[in-house]
Amino acid sequence: MPLSVYVLGLAVFALGTSEFMLSGLLPPIAEDMDVSIPRAGLLISAFAIGMVVGAPLLAVATLRLPRRTTLVTLITVFGLGQVAGALAPNYAVLFASRIVSALACAGFWAVGAAVAVAMVPVNARARALAIMIGGLSIANVLGVPAGAFLGEHFGWRSAFWAVAVASAVALVGVVTLVPAIPLPEKRPRLAQEARIYRDGQVWLSIALVALAAGGVFCAFSYLAPLLTDVSGLDAGWVPTVLALFGIGALIGTAVGGRIADAHLFGVLLSGTAASTVLLVALALLAQYAVAAAVLSFLLGVSAFYTAPALNARLFNVAGAAPTLAGATTTAAFNLGNTGGPWIGGVVIDAGQGFAATAWAGGAITAAAIGTTAVSLRLHRRTRASRRVAGSSDSAGAGAVNPVRTDA
């Protein structure tokens, strides 16, 4: 595995910390900005919307730019977005800073994922992507709990300053360790690549990724108020539980990345099913602090166990579009990261309580199971059709040769 893949994973740590740390900062942000917790939760959706829009736009806009230069520019803009968030005088400015940061993050993900996949053989794609996703896992283990700790003791703005510093470290790593990646000899033909969107399997894969991510983040985005208001934990315990989720995410990524290449649909089905069961259990047992903590850990395992397979599946079906594949994958994940917190906020505003976000998340991941089953059925049907076509071609060739010999 090239060293540059690990460097990209290190950079993703900074990106992931910023994306997910608000799950532990919503109460202080809501209080400081004088908004409700569901409205503060829209800051998570704002970041995700920026990722959805930014991934394809920046993938196309940076098409002919040197890969390393693009990565350096994007991580720099991302860091400046964190500074703007730390200095934000009101909710509107903070909201805007999240969108700008998300656009840069989306571009980095799209370009970085394409670079990582291009540097390894096809049968190592899931492992390479697992290393990048590992940056998110470590962000959940260290970055998100640290952000919650800083927010609790030094104010939520200190967490944004910390991510800005982490972004600067990542910038140094990209500049010094990521090699210059040559541009393709032939300019990619975007109109031709866009034909992948005529493939039903591509849309099924997009829906699967969005549902799997959305279900988990419907509940995870409001984990801090759930732990304090429903489970009865002191706010000082929130970073610890977030760290448990992150440790689970790290374990899940390592295991899922190892076996997804060989058992892709098995990982998808078992992972989404496990997330569904765990979310239902969290909804039922949220009032018990120990149960909520254990289930948070297990949910981290199941969610990130599935992530490498979700990435690899979309890259496999969108393989004919190397420029758009990474952007499509990033956008799909963040469709879920947009919709999940929004649905959770709707549930809370409806007076159903924080635990109800886990019920809603379980319903979303249950839909992901059904989507996986449909995709698997179509995948098997396509493979069977190709085998039949291949046999027919061989039989046809065998029938022609004797005729020619007799003649």
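Heads up: the structure comes first, above all this text.
Residues numbered from 1 in each chain as written. Predicted model: local features only at pLDDT ≥ 70, side-chain atom pairs only at ≥ 80, totals over all residues. Heavy atoms only, no water.

**Q** Explain the overall build of the protein to me, please; I cannot follow it from the model alone.
**A** Tallying secondary structure elements over the protein gives 15 helices and zero strands in all. Rg of the C-alpha trace for the protein: 22 Å, near the compact-globule value of 22 Å for 407 residues, within the 12% margin. Overall, the protein is about 90 × 45 × 30 Å in size when its C-alpha atoms are taken along their principal axes. For the protein, with 407 residues in total, the buried portion stands at 55%. Of the contacts formed within the protein by residues at least 6 apart in sequence, a portion of 85% connects residues at least 24 apart. Approximately 16600 Å² of the protein is accessible, and the part contributed by carbon and sulfur atoms is 67%. Here the protein contributes 22 positive and 14 negative side-chain charges, whose respective centroids are spaced 17 Å apart. (Helix = DSSP H or I, 4+ residues; strand = E, 2+ residues; numbered from the N terminus. Rg over C-alpha atoms; globule rule 2.2 N^0.38 Å. Buried < 20%, exposed > 50% of the residue type's maximum accessible area, 1.4 Å probe, protein only. Contact = heavy atoms within 4.5 Å. Areas by Shrake-Rupley, 256 points an atom, 1.4 Å probe, with all protein chains shown as cover. Lys, Arg positive; Asp, Glu negative; His and termini not counted. Charge placed at Lys NZ, Arg CZ, Asp CG, Glu CD.)

**Q** Please clarify how the packing of helix α1 (residues 3–20) against helix α7 (residues 156–177) should be interpreted in this entry.
**A** Put simply, α1 and α7 touch, their axes get as near as 9 Å, and they point 165 degrees apart. Considering the angle they form, α1 stands roughly antiparallel to α7. Seen from above, α1 lies across α7 with left-handed handedness. Here Ser4, Val7, Ala11, Ala14, Thr17 and Ser18 of α1 lie close against α7, whose contacting residues are Val163, Ala166, Ser167, Ala170, Gly173, Val174 and Leu177. Looking at the contact of α1 with α7, its residues break down into eight nonpolar, five polar and no charged. (Axes fitted to C-alpha atoms, helices over the stretch in contact; angles between N-to-C directions. Parallel < 35°, antiparallel > 145°, perpendicular 65-115°, else oblique. Left-handed = near helix turned anticlockwise from the far one by under 90°. Nonpolar A, V, L, I, M, F, W, Y, C, P; charged D, E, K, R; others polar.)

**Q** Looking at this model, I keep getting lost on the packing of aromatic side chains. Mind explaining?
**A** Aromatic ring pairs: the centre-centre distance and the angle between the two ring planes describe each pair. The full count for this structure, using the stated rule, is six aromatic pairs. Aromatic pair Tyr91 and Phe95: ring centres 6.0 Å apart, planes at 40 degrees, arrangement tilted. A residue pair is termed a helical-turn pair when its members lie 3 or 4 positions apart in one helix, as Tyr91 and Phe95 do in helix α5 (residues 91–118) at four residues. A relative accessible area of 11% places Tyr91 in the buried class. Taking 4.2 Å as the distance between ring centres and 25 degrees as the angle between the ring planes, the aromatic pair formed by Phe220 and Phe245 counts as stacked. (Phe/Tyr/Trp six-rings, centres within 6.5 Å; stacked < 30°, edge-to-face > 60°.)

**Q** What should I look at first to understand a nonpolar patch on the surface in this one?
**A** Together, Ile49, Val53, Leu57, Ile99 and Leu103 make up an exposed nonpolar region whose accessible area comes to about 390 Å². When contributions to the nonpolar patch are tallied by element, the ones reaching two or more residues are α3 (37–61) and α5. Of the residues forming the nonpolar patch, the biggest block, three residues, is contributed by α3. Turning to its location among the elements, Leu103 is positioned in helix α5. Leu103 gets classed as partly exposed once you look at its relative accessible area, which sits at 31%. (Patch = residues over 30% accessible without salt bridge, like charges linked within 9 Å, V, L, I, M, F, W, Y side chains within 5 Å. Salt bridge = Lys/Arg side-chain N within 4 Å of Asp/Glu carboxyl O.)

**Q** Explain the environment of Leu264 here, please?
**A** When you line up the elements, Leu264 lands in helix α12 (residues 264–285). Owing to a relative accessible area of 13%, Leu264 belongs among the buried residues under this scheme. Spatially, the C-alpha atom of Leu264 lies 7.5 Å from that of Arg313, the residues being 49 residues apart in sequence. Other than its neighbours up to four places away in sequence, Leu264 contacts Ala309, Ala312, Arg313 and Asn316.

**Q** Sorry if this is basic, but what is going on with α3 here?
**A** Since there are 3.6 residues in each turn of an α-helix, residues three or four apart along the chain are aligned in direction. End to end, α3 covers 36 Å across 25 residues, agreeing with the expected 36 Å (1.5 Å per residue, within 8%). Helix geometry: α3 is bent most strongly at Gly54, by close to 35 degrees, with proline Pro56 lying one to four residues after it. (Expected span 1.5 Å × (residues − 1). Bend = angle between axes of the 7 residues up to and from the residue.)

**Q** Please clarify how the nonpolar core should be interpreted in this entry.
**A** The tendency in soluble globular proteins is for nonpolar side chains to be buried as a group. One finds Phe108 and Trp109 to be the most contacted residues of the largest nonpolar core, which totals 120 residues. Those residues in contact with Trp109 that sit more than four places away from it in its chain are Val12, Leu15, Met51, Met132, Ile133, Leu136 and Thr330. Core analysis: the second largest hydrophobic core is formed by five residues, Cys218, Val347, Ala360 and Ile364 among them. (Core = buried A, V, L, I, M, F, W, Y, C linked by side-chain atoms within 4.5 Å.)

**Q** Before we go on, may I ask you to explain the pattern of salt bridges in this structure?
**A** Between side chains of opposite charge, a pair can form when the charged atoms approach closely. Taken as a whole and judged by the stated rule, the model has one salt bridge. For Arg157, the salt bridge identified is with Asp32, shortest N-O distance 3.5 Å. Here Arg157, found in helix α7, pairs with Asp32, found in helix α2 (residues 26–33); they are 125 residues apart in sequence, far enough to count as distant. The class for Asp32 is partly exposed, based on a relative accessible area of 42%.

**Q** So what exactly am I meant to see when it comes to unusual backbone geometry here?
**A** Of all residues except glycine, most have a negative phi; of all peptide bonds, most are trans. The phi angle at Asp34 is positive, at roughly 60 degrees, despite the residue not being glycine. Along the chain, Asp34 turns up in the loop between α2 and α3. What makes Asp34 exposed here is its relative accessible area of 70%.

**Q** Quick question: what am I supposed to make of the side chain of Gln201 here?
**A** Within the secondary structure layout, Gln201 lies in helix α9 (residues 200–220). Residue Gln201 is classed as buried on the basis of its relative accessible area, which comes to 9%. In terms of polar contacts, Gln201 uses its side chain to reach the side chain of Arg313, at 3.4 Å. Those residues in contact with Gln201 that lie beyond four places of it in its chain are Arg313, Val317, Ser375, Leu378 and His379. (Polar contact = N/O pair within 3.5 Å; in protein donor to acceptor, adjacent residues only side chain to side chain.)

No statement about biological role is implied by the geometric values presented.
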